[in-house]
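One-letter residues, chain by chain:
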Amino acid sequence: MTHPFFYNEKITSDTNELVLNDETSKHLVQVLRMQIGEQLQLTDGLGNISTAIITDGHKKSCKVKIISNSFLPQTTSKNTIAISLVKNAHRFEWFLEKATEIGITEIIPLICSRTEKQHFRFDRMKGILISAMLQSQQCWLPVLHEPVRFKEFADGTYSQKKLIAHCEEDAKQSLTSFKSNASGTLICIGPEGDFTVDEIYQATENGFLPVALGDTRLRTETAGVVVATLLCVQ
């Protein structure tokens, strides 16, 4: 993508003109100092990409005209990480950023028995995903869910291959030995202190297969990035 790249969830195939929001307008006009007649690209995070031209360079409500549209389908399977919130919010934000850059398609924050932090600022977290999507020049925004309690999550119905990564000394296969099926893979990662025995039992009773991520014990957010890499970079 050769032009400056921005997110706008309002673009559709029949959109002709747009007024950009305050943040994007300010960045275009005051930071990049773009002028009327210059081009940029927009994505809605759903595979649509529009090339637009600036028609009014107002610093708070920049107007653009759409001159072309294209669509890029997702090229990877649907890979979902369900991961516990962690005490240090910055570490969870780091995970969100890196998982997006790597190409995870869906993220489900979990509240487990040992989860210490439960406060979740959805708008801030989505903003981190958007920034990471744009920085990595992608046009698919990961689906981000509100936090869900583990019991409710484990009892859910999913079409993907279901895995659980935990640290108990049970029989486990290496994640690298699994291959995503056509529906993709869903893997859950526990909090600092790991899943409880009851949570592991509930998951396996619901068809989640236990997996190992290696020989060392990883932080929750590190495990998330390792999983994202193993699922997406194959």
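Residues numbered from 1 in each chain as written. Predicted model: local features only at pLDDT ≥ 70, side-chain atom pairs only at ≥ 80, totals over all residues. Heavy atoms only, no water.

## Description of the packing of aromatic side chains
Logical step 1: This model, assessed by the stated rule, comprises 8 aromatic pairs.
Logical step 2: Each ring, one from F150 and one from F153, has its centre 5.9 Å from the other, and the planes form 50 degrees; the classification is tilted. Remark: F153 and F150 occur in helix α4 (residues 150-154); sequence separation between them is 3 residues, near one turn of the helix.
Logical step 3: On the basis of relative accessible area, F150 is assigned to the buried category, the value being 2%.
Logical step 4: One aromatic cluster is present, built from ring pairs that chain together F150, F153, Y158, F195 and F208. (Phe/Tyr/Trp six-rings, centres within 6.5 Å; stacked < 30°, edge-to-face > 60°. Helix = DSSP H or I, 4+ residues; strand = E, 2+ residues; numbered from the N terminus. Buried < 20%, exposed > 50% of the residue type's maximum accessible area, 1.4 Å probe, protein only.)

## Quick word on the packing of helix α2 (residues 89-102) against helix α3 (residues 122-135)
Logical step 1: Close contact between α2 and α3 brings their axes to 8 Å; oriented N to C, the two are set at 35 degrees. At the point where α2 passes α3, the crossing takes the right-handed sense. Between α2, through F92, E93, L96, E97, T100 and E101, and α3, the contact on the second element is made entirely by R124, M125, I128, L129, A132, M133 and Q135. (Axes fitted to C-alpha atoms, helices over the stretch in contact; angles between N-to-C directions. Left-handed = near helix turned anticlockwise from the far one by under 90°. Contact = heavy atoms within 4.5 Å.)

## Quick word on the packing of α2 against helix α6 (residues 220-232)
Logical step 1: Between α2 and α6, the shortest axis-to-axis distance is 9 Å and the interhelical angle comes to 5 degrees. Viewed along their axes, α2 and α6 adopt a mutual orientation that is roughly parallel. Between α2 and α6, the residues in contact are R91, W94, F95, K98, A99 and I102 and E221, T222, G224, V225, A228, T229 and C232, respectively.
Logical step 2: Residues of the contact of α2 with α6, tallied by class, amount to 7 nonpolar, 3 polar and 3 charged. (Parallel < 35°, antiparallel > 145°, perpendicular 65-115°, else oblique. Nonpolar A, V, L, I, M, F, W, Y, C, P; charged D, E, K, R; others polar.)

## Some points on α3
Logical step 1: The end-to-end C-alpha separation of α3 is 20 Å, in line with the 20 Å expected for 14 residues at 1.5 Å each.
Logical step 2: Of the residues making up α3, those classed as buried are M125, I128, L129, I130, A132, M133 and L134.
Logical step 3: Elements in contact with the buried residues of α3: β1 (5-7), β3 (39-43), α2, β7 (106-111) and β8 (143-144).
Logical step 4: Positive backbone phi, approximately 55 degrees, marks Q137, located one or two places after α3. (Expected span 1.5 Å × (residues − 1).)

## What to know about the side chain of T196
Logical step 1: The residue T196 is located in the loop between β12 (185-189) and α5 (197-205) in this model.
Logical step 2: We classify T196 as buried; its relative accessible area is 15%.
Logical step 3: For T196, the residues in contact, after removing those within four places along its chain, are S113 and R114.

Treat this as a map of the structure, not an account of what it does.
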